[in-house]
Each structure stands twice: as structure tokens, then as C-alpha cells.
Amino acid sequence: FDLSLKSGEEIEIEFRDSREVHGWGDACWACNDSPALNPAFDVTPSKLITAIITERGVIERPSVERIRENLT
């Protein structure tokens, strides 16, 4: 969790090499010159999240306050 950010829009998305989505090993399911975006992760809108599972437990109906409580 990065509570210093105002929203997920401030998170910089890392993009990996597009060749990772063209195939694996000897298998190729897309031409190597096919354009592809390969984000390392995405940001899920908070309105779609009903709970967050952490090593400390489940945060139901997550909010900044409930996340802070879970971290301390």
C-alpha cells in the first residue's frame, strides 16, 4: 500500500517487453512484429474492490482508514 498517493491514477505502470506475449519457448501464438502492450500490472478501480486479503487478514469494504488500521 502507498498511502502517500491520492489515487491509483498516480501509479506509474511498468511495461514489459512485448515479446513476452508473443509466445513461450518454442511456441509462438503471435508474430514477433505484432504490436503488443505488456503491462506488468494494472490498477483496479476502487469501486470494484469489496475486500483486500493481506497477510494480516481480510480488509472488508476497504477505505484509507481501514487500510491504515490494518498496517498498524
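So, here's what we can say about the structure. Being a predicted model, the structure only gives us computed values, none of them experimental.

**Some words on the overall build of the protein chain**
Scanning the protein chain for helices and strands turns up one helix and four strands. Listing every helix and strand of the protein chain by position from the N terminus yields β-β-β-β-α. Computed over C-alpha atoms, the radius of gyration of the protein chain comes to 18 Å, more than 25% over the 11 Å expected from 2.2 N^0.38 for 72 residues, which places it beyond the range of a compact globule. If one aligns the C-alpha atoms of the protein chain with their principal axes, the spans along those axes are about 50 × 25 × 20 Å. The proportion of buried residues among the 72 residues of the protein chain is 10%. At a minimum sequence separation of 6, the contacts of the protein chain that also span at least 24 residues come to 37%.

**Quick word on the side chain of H22**
Topologically, H22 is positioned in the segment before strand 1 (23-24). In this structure H22 touches C28, W29, A30, C31, N32, S34 and A36, once residues within four positions along its chain are discounted.

**Focus on the pairing of strand 3 (residues 51-54)**
Judged from the four bridges that link them, strand 3 and strand 4 (residues 57-60) form a sheet pairing that is antiparallel. When the sheet's bridge partners are listed, T54 is paired in strand 4 with G57. Hairpin geometry of strand 3 and strand 4 is characterised by an intervening segment of two residues between the two adjacent antiparallel strands.

**Some thoughts on the side chain of N70**
When you line up the elements, N70 lands in helix 1 (residues 64-71). A polar contact is formed between the side chain of N70 and the side chain of T54, at a distance of 3.4 Å. Among all residues touching N70, those that are not within four sequence positions of it are T54, R56 and I59.

Rules behind the numbers
- Residues numbered from 1 in each chain as written.
- Predicted model: local features only at pLDDT ≥ 70, side-chain atom pairs only at ≥ 80, totals over all residues.
- Heavy atoms only, no water.
- Helix = DSSP H or I, 4+ residues; strand = E, 2+ residues; numbered from the N terminus.
- Rg over C-alpha atoms; globule rule 2.2 N^0.38 Å.
- Buried < 20%, exposed > 50% of the residue type's maximum accessible area, 1.4 Å probe, protein only.
- Contact = heavy atoms within 4.5 Å.
- Pairing = 2+ DSSP bridges.
- Polar contact = N/O pair within 3.5 Å; in protein donor to acceptor, adjacent residues only side chain to side chain.

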